[in-house]
Structures are given as C-alpha cells and as structure tokens.
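# Observations on chain architecture
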Amino acid sequence: MSTFRLQFPPFPFPPSPISITPFSIFEPRGYVRVRTPDGDTIEVDAFAHLPTLKIDTEEEAMRKKKEKKKRRCAGRCVDENGKLVSWWEEWEMGEEQRGLSFDPVKGMSYRDRLYLAADDFRVGRTWPAQGVRPIWDRFRLYIGLLSSMPVYSKIKVHGDNVTVPYEDVDLEEDAPRAHQTCTRTHVSASDAFNTATSTVQDTLEQGSQPSKTILPDFDDPTGLERIRLDAFITAISKGTKIFLSSYLRETGLIWTESNLFVAPMLLKFFLKFLKRTGVFWDSEEKMRQEVEDAIKFAEKAVVELPVTARLGRAVPGEVERGFVGLWGKKCTGLSMTAMFEADDSLSPATEENFGMDAVVVVAKEDDSWIEPPSPTLLQILGPTTLPLAYTTVIVETGTRRVREVVMPHSSLTGRTGLPVPSSSDNEMGLGSAPVLEEGGGEVGKKHGLEEALETKFAIVILEPWVSSEDEVVDGSEVGRPTVGCTFCAVPVSSVVDHSSTGVDSREEVDWNRVASKGTELSVTQCPHIHTHNPYTDMVNVLVALENVELFKEGMGVCGTWVQLRRIENIHPVSIVEKRSRNKREQGYWYIEGLTAVLPSFHTDGDGVLGGYLEGESGSEEGGDEDG
C-alpha cells in the first residue's frame with residue numbers, strides 16, 4: 001500500500017472562491033437573534049451565523065460543581081419538583097443498563113461467577129454516603145465473598161490506576177473510579193441473558209484493614225469462605241432467609257432500625273441483578289428457582305422487617321397496660337406462688353373489693369425513678385363490669401404466628417364460636433352496660449361484655465409457631481412454650497408434656513379445699529393447663545384498633561399471653577365438658593409483653609450460614625467515606 005508524506009509549511013491555497021480571513025484583520029461582529037423555521041428564536045454569531053454557546057456564570061459553575069459532587073453518593077439528587085430522590089429510586093432508574101464485565105461461559109465455576117458478579121454490582125453504581133455499604137459488606141462476609149470487613153477511601157489519581165468509564169465526562173467530569181476485579185467488557189454473543197456491559201460508577205476504593213486481607217481463599221477446600229459460599233450457592237433462598245432473620249439478630253444489626261429496610265432492599269437489587277444478567281444461565285432449573293424464591297423473600301422482608309420494629313414499640317400499649325393494671329403482672333421471672341402470697345389483689349375481682357381503692361404510690365415531682373400511673377381499661381371501655389365477670393386463668397410464654405385478624409363488627413358468632421352472654425348475666429348485672437357513642441349518647445342497649453369487647457378491640461388469632469415439642473430447637477429464637485395457671489398458682493415456668501399427659505390423667509383434687517386462691521397445685525393437678533395445648537390451640541388476643549395493621553399474617557410474635565375467662569365457667573367439670581368445643585369458647589387473651597417480633601420467613605442458622613467468627617460484631621466497621 002502506497003503512503004503519502006505531507007509536510008507544512010508550505011500550506012496549501014484554499015480552493016476558489018473561498019478566502020480565509022487572517023486573524024490580524026478579523027473584527028468581531030457580536031451576535032444576533034434569528035428565528036428558526038420552527039418558530040423558535042435563537043442566538044447566532046453575526047459573522048458566521050452559527051449558534052452560540054452560553055458560558056456559565058461563576059455562580060452557575062459553583063452550583064453545577066456542587067451537584068456533581070452530590071452525584072458521587074446516591075440519594076442526594078433531586079427531581080424536577082425539588083424532591084429528594086432516595087438511593088433505591090436512583091438505583092432503579094439505571095438498573096437495566098448495569099451488566100457484567102465478564103462472560104459467564106460454561107466451565108467457569110459458580111464461585112468465580114458469583115464473586116465477579118458481586119464485584120460488578122459494587123462498582124457499577126454510586127452508593128449512599130452512609131448505612132448501605134456496610135450492610136453489603138456484611139452480606140459478602142456472610143456468604144464467603146470476603147474474609148474480613150473492608151475499609152474504603154477516595155481514589156488517588158496517579159499513573160494508570162484510574163479507570164474513567166464514562167464517555168460523557170460532563171456527567172461527573174473525570175472523577176476517579178473504583179477498580180474492577182475483571183476489566184473485560186466484551187460480552188459473548190452466546191450469552192443471551194447479558195445485553196449490557198459493565199460501567200464503573202463507584203468513587204471509593206475498597207481496601208484491607210491493617211494486617212488483614214479481604215480476598216477469600218477458594219482454593220482451600222476447608223476454608224471458611226469456600227464452605228460458606230458453597231452452602232449459599234446450594235440453597236440461595238435459605239441463605240437469604242437466614243441473613244434477613246437470625247443473622248441480623250445474632251450480629252445485632254436489627255437494633256439499627258434503618259438496617260431493617262436497607263438489608264432486604266439491597267438484597268433484592270443484588271438477586272435481581274444475578275437473574276437479569278444470567279450469572280447462572282446454564283444451571284439446573286432448581287437453581288434458577290432458588291434465585292426466584294430468594295427474590296420473593298427479599299421483597300417480603302422489605303415489608304415485614306420494618307414492621308417488626310414498629311410492632312415492638314407499639315405493643316404493649318395502653319390497651320395491654322390497661323389489662324395488666326386490672327389483673328397485675330403474671331410473668332415477672334418470679335414464682336407465681338410467691339406473687340400470690342405477696343399480693344392478694346391478684347385474686348378475681350368481687351362486688352365487695354371491686355370498689356375498693358388500691359394502694360397508690362404518690363411520686364414526687366422530682367422523682368424520675370417511679371413510672372407514671374398506667375392507663376386503665378375504664379378509660380377505654382368506659383363503665384364496665386369486665387373485672388367482675390372475668391378473671392385470668394392460663395398464662396403462656398412462647399412464640400406464635402399471626403394467623404388472622406378479625407376486625408370489629410365482623411360476624412364472630414357462629415364463625416368463631418365466641419361465647420354469647422349467659423342468662424345469668426342480666427341477673428348479675430354483668431351484661432347491662434350499654435355501648436355509648438363518643439359524644440356520650442346511647443346508641444342502643446347492646447347487652448353482653450363480649451359484644452362490647454368486640455366493638456372496642458380487634459381480635460388477632462395467633463397459632464403455634466411449632467406444632468410439637470420435637471420441632472423445638474435448643475438455642476433457637478423460637479423457644480419451648482411454657483404454661484402456667486393463675487387460678488391454681490402453677491408457675492409459668494412449668495412445662496407440660498401434652499403428648500403423654502391428657503385431661504383424664506390429671507390427679508384428683510379436692511376443689512372444696514381450693515375454693516379460694518392461695519392454695520398451690522402441681523402441674524398434674526391443674527385441669528386448666530391440661531385443656532390448653534400450646535402446640536395445637538389458638539390464642540385469640542384483644543388488640544387496639546390502631547395497631548391492627550402491624551400484625552401481618554404469618555409474622556411471629558414471642559411474648560406472654562394471658563387468658564381471660566368468665567368466673568362462672570371456671571369449674572373444672574365444665575372445662576372438661578367444653579374441651580371438644582370450639583377453642584374460642586376458652587375465652588379472650590391479652591398480651592402482657594413481647595420479647596421479640598419475627599418475620600414470617602424466620603429461619604435459624606444451620607451451622608454454616610448464620611454463624612459468625614469471633615470478633616465479628618454488628619458494628620459497621622470499614623464504613624463509607626463521604627465522597
């Protein structure tokens with residue numbers, strides 16, 4: 001092929017009839033405004049008739065510089081209406097354009113694919129200044145993609161260490177970016193799933209803490225990182241459930257409320273990234289289904305995990321404290337026998353003692369150690385004979401699952417078998433309290449305490465979390481349920497084996513001897529405990545209407561439940577006779593206290609996933625540096 005060598009000067013002459021004006025004699029003519037064929041008015045140079053470009057003022061240049069700096073961290077931009085765009089909304093806008101920097105061809109191990117895909121996920125987006133990146137690092141540590149928590153720093157520009165990925169440098173100027181583990185941007189045509197190439201947007205570089213390394217060792221078959229990663233790849237959905245439930249609890253991450261939303265939202269983005277880019281495109285159908293199921297659990301966790309904190313703050317509330325104010329604490333860690341001996345006020349209310357004033361502790365104005373008086377149900381229900389008609393019987397501690405929420409004015413009778421007011425109610429005056437409007441006007445004589453309770457409160461039906469003692473795992477958050485009886489003074493710490501002990505096997509008791517409270521019975525002598533099986537029976541809890549939305553179906557609540565039964569139905573013979581009837585005939589329950597609220601998918605660690613090394617605390621070490 002022939003080549004031509006050009007050398008200047010001499011410069012070639014311009015073709016005729018064009019002439020070039022020397023700069024020495026050029027005279028600027030300014031600009032003029034002209035109207036385009038579309039009807040718009042634009043500014044053009046008066047000499048060449050070319051559109052002009054506006055030069056930013058100093059103030060405008062400073063504002064753009066600040067906006068570019070904000071764009072280095074997600075969640076700082078505003079939309080056209082001036083509303084702040086959240087980091088997950090900002091991620092969602094460009095998520096479809098984010099892809100892989102490698103080709104997940106056949107023969108590449110799933111370990112390598114997941115490691116490189118996680119790296120592309122990290123560098124392919126801008127991250128919020130705080131709160132999100134530490135959760136991402138904790139997740140990578142959990143599945144074995146890291147051997148220790150990393151630290152982050154700004155990238156220094158020197159040599160070829162900086163990758164400037166943007167063609168449109170005006171977006172972020174030429175700010176340095178993080179390094180990718182794999183910089184190949186070619187995507188094989190055989191990969192039908194991956195249609196985008198990876199773009200680096202992260203402005204922080206991850207590094208190791210002193211005397212530590214963040215790189216996992218996959219070559220060692222006995223290495224902890226390889227064992228964890230293999231366990232996660234084998235059961236991605238299970239690993240997701242463990243991380244979003246027991247692992248967050250074990251590491252203490254649940255006590256930062258923002259983590260309850262950040263963790264599931266972050267995992268949802270990552271799992272969808274794996275699915276969209278086809279990291280496991282050649283895997284079996286079972287593995288692809290694992291990714292699908294994991295996405296569903298993450299989406300469910302986005303809703304349920306924040307609710308666990310809200311429910312834990314709201315309950316016990318005024319309603320629950322009102323019940324405790326009438327009948328006292330039933331589970332305080334002390335023997336219930338000692339409680340009854342020390343305080344006779346826990347006995348069922350009678351017409352003689354109902355009107356008596358209890359001993360009131362008057363707190364000084366400057367005494368901050370004494371709790372303020374608790375609200376009473378009289379403030380919620382108004383004048384009521386509830387303490388005269390009902391008393392506490394069964395007390396259960398354990399974990400239950402929300403099965404159903406029954407709102408007021410639902411068709412309860414017949415549907416659930418709630419007890420209807422007995423004929424003796426009117427004779428005793430127990431069912432004569434009318435329901436009043438908020439303004440005080442009587443809307444009708446609706447007799448019966450049950451109807452009044454069902455009007456003021458919603459009923460949450462709780463079912464057992466475990467159906468037998470064999471399902472209880474030692475050390476699990478879902479512990480073994482315990483049952484006590486306030487009527488027979490059986491401590492709540494007693495555990496009844498319902499598989500071998502039934503109603504007919506209880507010991508005979510002289511009920512004339514225990515007609516009044518104060519006589520302690522053993523577990524085998526108490527008929528009430530043997531009519532309640534914490535592994536099979538439902539618990540129907542009265543809750544305030546404003547807290548109903550917090551009881552999501554399937555979620556777990558761990559706490560103390562106290563049963564309320566009509567005093568006239570406490571006789572042991574009637575208990576045995578009613579055993580075969582609907583469980584709702586066993587009365588209402590209220591929540592004395594909650595110790596934990598669990599998502600519906602709560603899963604305990606399996607010894608590999610869910611465990612963490614000594615020194616791995618819930619602290620967010622190696623956090624972000626604000627860029």
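So, here is what we can say about the structure in this document. (Residues numbered from 1 in each chain as written. Predicted model: local features only at pLDDT ≥ 70, side-chain atom pairs only at ≥ 80, totals over all residues. Heavy atoms only, no water.)

Below, the discussion takes up helix H5 (residues 224-234). Side chains three or four residues apart in an α-helix point the same way, a direct result of the helix having 3.6 residues per turn. Taken as a whole, H5 has its buried residues at Glu225, Arg226, Arg228, Leu229, Phe232 and Ile233. The arc that holds every buried residue of H5, seen down its axis, measures 165 degrees, which confines them to one face. The secondary structure elements touched by the buried residues of H5 are helix H3 (110-123), helix H4 (133-143), helix H6 (236-250) and helix H8 (285-314). (Buried < 20%, exposed > 50% of the residue type's maximum accessible area, 1.4 Å probe, protein only. Helix = DSSP H or I, 4+ residues; strand = E, 2+ residues; numbered from the N terminus. Arc of directions from axis to C-beta. Contact = heavy atoms within 4.5 Å.)

Applying the stated criterion across every chain yields a total of 22 salt bridges. Across the pair arginine 125 and glutamate 95 runs a salt bridge, and its minimum N-O distance is 2.9 Å. Of this pair, arginine 125 sits in the loop between H3 and H4 while glutamate 95 sits in the loop between helix H2 (87-94) and H3, and the two are 30 residues apart along the sequence. For the pair formed by arginine 125 and glutamate 95, the shared burial category is buried. Overlapping salt bridges, with partners in common, bring together Asp119, Arg122, Arg133 and Asp202 in one network. (Salt bridge = Lys/Arg side-chain N within 4 Å of Asp/Glu carboxyl O.)

Let's shift gears to a nonpolar patch on the surface. On the surface, a nonpolar cluster with roughly 400 Å² of combined accessible area is contributed by Leu6, Phe8 and Phe11. Within the secondary structure, phenylalanine 11 sits in the segment before strand E1 (31-35). In this structure phenylalanine 11 comes out as exposed when scored by relative accessible area, which is 62%. (Patch = residues over 30% accessible without salt bridge, like charges linked within 9 Å, V, L, I, M, F, W, Y side chains within 5 Å. Areas by Shrake-Rupley, 256 points an atom, 1.4 Å probe, with all protein chains shown as cover.)

Here we take up the packing of aromatic side chains. Using the criterion set out here, one finds 31 aromatic pairs in the structure. Measuring from ring centre to ring centre gives 5.4 Å for tyrosine 110 and phenylalanine 280, while their planes differ by 85 degrees; the resulting arrangement is edge-to-face. Taken as a pair, tyrosine 110 in helix H3 and phenylalanine 280 in the loop between helix H7 (259-277) and H8 lie far apart in primary sequence, 170 residues in all. Note that arginine 125 overlies the ring of tryptophan 91, its terminal NZ or CZ placed 4.7 Å from the centroid. The aromatic ring of tryptophan 465 is capped on one face by arginine 401, whose charged end is 3.8 Å from the ring centroid. (Phe/Tyr/Trp six-rings, centres within 6.5 Å; stacked < 30°, edge-to-face > 60°. Lys NZ or Arg CZ within 6 Å of the ring centre and 35° of its normal.)

Across the 17 residues that make up strand E5 (residues 390-406), a large majority, 14, are buried. With 10 bridges joining them, E5 and strand E9 (residues 556-566) adopt antiparallel strand pairing. From the neighbouring strand, glycine 398 faces E9, where its bridge partner is glycine 559. With 4 bridges joining them, E5 and strand E7 (residues 482-485) adopt antiparallel strand pairing. If you follow threonine 397 over to E7, its bridge partner there is threonine 482. Across 6 bridges, E5 lies against strand E6 (residues 458-464) in antiparallel orientation. (Pairing = 2+ DSSP bridges.)

Where H7 contacts H8, the two axes come as close as 8 Å, and the packing angle between them is 165 degrees. It follows that H7 is roughly antiparallel to H8 by the angle criterion. In this structure, H7 crosses over H8, and the sense of that crossing is left-handed. Where H7 abuts H8, its residues Leu260, Phe261, Pro264, Met265, Leu267, Lys268, Leu271, Lys272 and Lys275 lie against Val291, Glu292, Ala294, Ile295, Ala298, Glu299, Ala301, Val302, Leu305, Pro306, Thr308 and Ala309. The residue makeup of the contact of H7 with H8, split by class, is 15 nonpolar, 1 polar and 5 charged. (Axes fitted to C-alpha atoms, helices over the stretch in contact; angles between N-to-C directions. Parallel < 35°, antiparallel > 145°, perpendicular 65-115°, else oblique. Left-handed = near helix turned anticlockwise from the far one by under 90°. Nonpolar A, V, L, I, M, F, W, Y, C, P; charged D, E, K, R; others polar.)

Right, let's talk about the packing of H4 against H6 for a bit. Look at H4 against H6: their axes get within 11 Å of each other, and the N-to-C directions meet at 120 degrees. Relative to H6, the element H4 is oriented oblique. Between H4 and H6 the crossing geometry is right-handed. Along its contact with H4, which presents Ile135, Arg138, Phe139 and Tyr142, the element H6 presents Gly239, Ile242, Phe243 and Tyr247.

All quantities given are derived from atomic positions and should not be read as evidence of function.
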